[in-house]
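Results of the structural survey
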Amino acid sequence: MTALAELLRAPGASVEAEDDFDAVNELVRARGWGDGLPVVPPTEDRVREMLAYCDRPWHEPVAEIAPRYGEATPLRLAANAVMAGCESRYFPLLVLAIETMCEEPFNLYAIQATTHLCAPLVIVNGPVAQELNINSGHNAFGPGHRSNATLGRAIRLALLNIGGATPGSGDMSTFGAPSKYSYLVAENEAASPWEPLHVERGFPAEASTVTVAGAECPHNVNDHESLTAEGILTTIAGTMGIAGSNDVYYAAQPVVVMSPEHARTVAEGGFSKMDAKRFLQQHAHLPLGKFSRENIERRLRVTWQERYANAATDAPVFLVQNAQDIIIAVIGGAGKHSAYLPTFGATRAVTGVLKRRNGKYARSVEEFRKA
Amino acid sequence: MAELRKRGLVTAVICSDPFLTLGQNQARVFGVPDLPLVVIQHPLGGLALEGVKARAAAATPPLVNLIKAHSR
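What counts, and at which threshold
- Here the residue index of a chain counts from 1 through its sequence in written order.
- As a convention, the first chain written is A and the first ligand written is 1, with the rest following in written order.
- Only residues with pLDDT of at least 70 get local features here, since the model is predicted, and only at 80 or more are side-chain atom pairs given and counted; chain-wide, interface and lining totals rely on the full set of residues.
- Only strands joined by at least two bridges in the DSSP assignment are considered to pair.
- Runs of E in the DSSP output that reach at least two residues are strands. Runs of H or I that reach at least four are helices, and both are numbered from the N terminus.
- Note on method: axes are straight lines fitted to C-alpha atoms, helices fitted across the in-contact stretch only, with angles between N-to-C directions ranging 0 to 180 degrees.
- Small angles under 35 degrees read as roughly parallel and large ones over 145 as roughly antiparallel, with 65 to 115 read as roughly perpendicular and the rest as oblique.
- It is the C-beta atoms, placed from the backbone, that decide contacts: two residues are in contact if theirs lie within 7 Å.
- Under the convention adopted here, Pro, Cys and the residues Ala, Val, Leu, Ile, Met, Phe, Trp and Tyr are nonpolar, Asp, Glu, Lys and Arg are charged, and Gly plus all remaining residues are polar.

Moving on to the sheet that holds strand β10 (residues 327–330) of chain A. All names here are of chain A. Judged by pairing direction, the sheet is mixed, and its 4 strands sit side by side in the order β6-β11-β7-β10 without closing on themselves. If you trace the sheet from one side to the other, it starts and ends with β6 (219–222) and β10, each paired once. Averaged over all neighbouring strand pairs, the angle between strand axes comes to 25°, with direction disregarded. Pairing between strand β7 (residues 255–258) and strand β11 (residues 337–341): 4 bridges, direction antiparallel.

Dropping the structure here:
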């Protein structure tokens, strides 16, 4: 392993700054780095401490982050993790999340640069979620847990500082979204009646994974009255039926987040997760006439020509093309709510698994800690 | 487009004005900082056919000039 001090001597690898919180933050603002919030100064000591949980060469890129295609080396990622306020033991998951969202099917370039307001949502599964105390319960998408807040923020800082997703020049989102500050949760596996998301996607339960989806912010589904699986799913499907969704125009993979209470009602009705997906796909639609005339003529009749070229205005337009593409995760605390997260559309969810350099599944982040 | 430019073909990217900086950045990223960017008025989406034709008309002269310059 090359010594950190030696790596930092390379041109552009480090900057000199006054050893002062405000001075460092003024420098960060002046350089156009960061997300607008104050950062923890990434001193050499703090970066070294972060890299204690890295079992790879610190200068070799793990990925290139679009749209700048900046090289995401562990060294650069560690600096961003420090700035975000991460604990060192979060670092292996940051590396994994960045690697995963840079895989081709995710289409990170478009996710970063689009006018749409999506952001990479990271869902963590497996034992590491609990080890790092990643919130999967009450307020999982909100504030209050250091791991959710800072790990999600470190991802965003890497997307900004390494990937160049600068508002207005690399990130052209018309509005942006609060999820662009931090968007990381764990699945509430203990409260789920079904197999966890990562098991459904082909990994053993003891593996730890991140699943990334180019998603919008959660939209609530209130259903305090339904007592049956069909009832809950009908309400969710009804919420999914929106005319302004990107997903209408793609073979998309929108995310349905069910609270444990809703999921339990659905499962007790005899529905497997796949059964629930089929129901949602079949019922999440709206009549063609709910779209504007221009959208019908210029887009739907063109994009789905074989289906709508001569269709009447009461023909159903499906929000999801393939049932298995719906991503269902059980997240949250008590309460009769679910959430619907439409996506960018032209993106595929990708799951990455936490492995050591020797290729073995890591059961704990401590396996990355250098002796 | 960057690959075509590197192979010596006549190339240009047409973008609407808010996307000029993104286009310039991407041209640099892909190693073709001199990639011609033909800027048209924003927006392009949602235009009636006449509006699209007007955008095309505005973009055509610079494209013709590029082709002429290349063939000299």
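Having put the structure on the table, let's press on.
All names here are of chain A. Contact geometry for helix α10 (residues 229–240) and helix α11 (residues 260–268): axes closest at 7 Å, N-to-C directions at 130°. The pairing of α10 with α11 is recorded here as oblique in orientation. In this structure, α10 contributes A229, I232 and L233 to the contact, and α11 contributes H262, T265 and V266. For the contact of α10 with α11, the per-class residue count stands at 4 nonpolar, 2 polar and no charged.

So, on to the environment of A:W304. By the element assignment, A:W304 lies in the loop between α13 (293–303) and α14 (305–308). Between the C-alpha atom of A:W304 and that of A:Y249, which follows or precedes it by 55 residues, the distance is 7.9 Å.

All names here are of chain A. Read across the open sheet, the 4 strands follow the order β4-β3-β5-β12; overall the sheet is mixed. Here the strands that pair on one side only, and so sit at the sheet edges, are β4 (184–186) and β12 (350–353). Mean inter-strand twist for the sheet, computed between neighbouring axes without regard to direction, equals 25°. Helix α5 (residues 91–101) rests against β3 (119–125), β5 (209–215) and β12 of the sheet, and its axis sits at about 50° to β5. Set on the sheet, helix α8 (residues 146–161) makes contact with β3 and β4; between it and β4 the angle comes to about 135°.

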